[in-house]
Amino acid sequence: MNAPRNGYVDRDLYIFVLDRNGRYHVHSAKPDLVGQTVYQTQVIDPGAFMVNSLEQVARGPGWVEYTALHPVTGRPTPKASYMVPVDDDVFIGCG
C-alpha cells in the first residue's frame, strides 16, 4: 500500500493505517510518513485527532472530522476520514 502508483490513491483520497500511538504504518499518498506520527504531520490538532479517532474506532467504523494544512496553499483546511478498527491497536482510515 506504500508503493508508488499503488492503486490506493484516488484524487485527494488515500488509505492510511495508524496505531493507537498515532504512528503511521501505511500512508498510500505519502509513504515517507511511515514510521512518523500524526504529531509530526500537518494535522492542526493531532491530540484531538487521535482522541476523536480512538473514540470512533472503539464504537466501530465511522467518520472523524479534523483540520489539516492544505499541502499546496498551507492554509488550514477541514477534512474528514472514515476510520475502521482492525484490532485493539491499529485502525485504517480513508481521507
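Provided above is the structure to which this section pertains.
In this text the structure is predicted, and so the values were computed from the model without any measurement.

**Description of the nonpolar core**
Thinking step 1. If you look at the biggest cluster of nonpolar residues, it comprises 15 residues, and the most contacted ones within it are Phe16, Leu18, Phe49, Tyr66 and Met83.
Thinking step 2. The set of elements that each furnish at least two residues to this core consists of strand S2 (13–19), helix H1 (46–59) and strand S4 (62–69).
Thinking step 3. Once residues within four sequence positions are removed from consideration, phenylalanine 16 is found in contact with Tyr24, Val26, His27, Phe49, Ser81, Met83, Phe91, Ile92, Gly93, Cys94 and Gly95.

**A look at the pairing of strand S5 (residues 76–85)**
Thinking step 1. Looking at chain direction, S4 and S5 are connected through 8 bridges and run antiparallel. Bridge pairing in S5 places tryptophan 63 opposite tyrosine 82.
Thinking step 2. Taking the residues between adjacent antiparallel strands as the criterion, S4 and S5 are bridged by 6 residues, where glycine 74 takes a positive phi near 75°.
Thinking step 3. In the sheet, S5 pairs with strand S6 (residues 90–94) via 4 bridges, with the strands oriented antiparallel. Within S6, the residue paired with tyrosine 82 across the bridge is cysteine 94.
Thinking step 4. The antiparallel pairing of S5 with S6 creates a hairpin that spans 4 residues between the two strands.

**Quick look at the side chain of serine 53**
Thinking step 1. Tracing the chain through its elements places serine 53 in helix H1.
Thinking step 2. Overall, the relative accessible area of 0% leaves serine 53 in the buried class.
Thinking step 3. The contact partners of serine 53, leaving out residues within four places of it in the chain, are Val64, Met83 and Phe91.

**Quick look at the side chain of histidine 27**
Thinking step 1. Structurally, the position occupied by histidine 27 is in strand S3 (residues 24–27).
Thinking step 2. Only 2.9 Å separates the side chain of histidine 27 from the backbone nitrogen of lysine 30, close enough to count as a polar contact.

**A word on the packing of aromatic side chains**
Thinking step 1. Counted by the stated rule, this structure contains 3 aromatic pairs.
Thinking step 2. Between phenylalanine 16 and tyrosine 24, the ring centres sit 6.4 Å apart and the planes meet at 75°, which makes this aromatic pair edge-to-face. Residues phenylalanine 16 and tyrosine 24 agree in their burial class; the two are buried.

**Observations concerning H1**
Residues spaced three or four apart along an α-helix face the same direction, because each turn holds 3.6 residues.
Thinking step 1. The terminal C-alpha atoms of H1, which comprises 14 residues, lie 20 Å apart, in line with the 20 Å expected from a rise of 1.5 Å per residue.
Thinking step 2. Of all the residues in H1, the buried ones are Pro46, Phe49, Met50, Ser53, Gln56 and Val57. Burial along H1 is one-sided: seen end-on, the buried residues are contained in an arc of 135°. Facing away from the buried side of H1, by more than 90 degrees, are the exposed residues Ala58 and Arg59.
Thinking step 3. Looking at the residues trailing H1, positive phi occurs at glycine 60, about 125°.

The rules behind the values
Counting of residues starts from 1 at the beginning of each chain's written sequence and follows it residue by residue. Only residues with pLDDT of at least 70 get local features here, since the model is predicted, and only at 80 or more are side-chain atom pairs given and counted; chain-wide, interface and lining totals rely on the full set of residues. Hydrogen atoms and water are omitted, and side-chain values are computed over all heavy atoms in the structure. Think of a nonpolar core as a cluster: buried Ala, Val, Leu, Ile, Met, Phe, Trp, Tyr and Cys residues, connected wherever their side-chain atoms sit within 4.5 Å. When a residue's accessible area, from a 1.4 Å probe over protein chains only, is under 20% of the maximum for its type it is buried; when over 50% it is exposed; and in between it is partly exposed. The helix and strand labels rest on DSSP assignments: H or I over at least four residues marks a helix, E over at least two residues marks a strand, and numbering proceeds from the N terminus. A contact between two residues is defined here by any heavy atoms of the two lying within 4.5 Å. For two strands to count as paired, DSSP must find a minimum of two bridges between them. What qualifies as a polar contact is a pair of N or O atoms within 3.5 Å, subject to a donor-acceptor requirement within protein and to the restriction that residues adjacent in sequence count only when both atoms come from side chains. Whether two aromatic rings pair depends on their centres lying within 6.5 Å, for rings of Phe, Tyr and Trp, where Trp uses its six-membered ring; planes under 30 degrees apart make the pair stacked, over 60 edge-to-face, and the rest tilted. A helix is expected to span 1.5 Å multiplied by its residue count minus one. Regarding the arc, it is the one traced by the directions from the helix axis to the C-beta atoms.

Any functional reading would require information that these geometric values do not contain.
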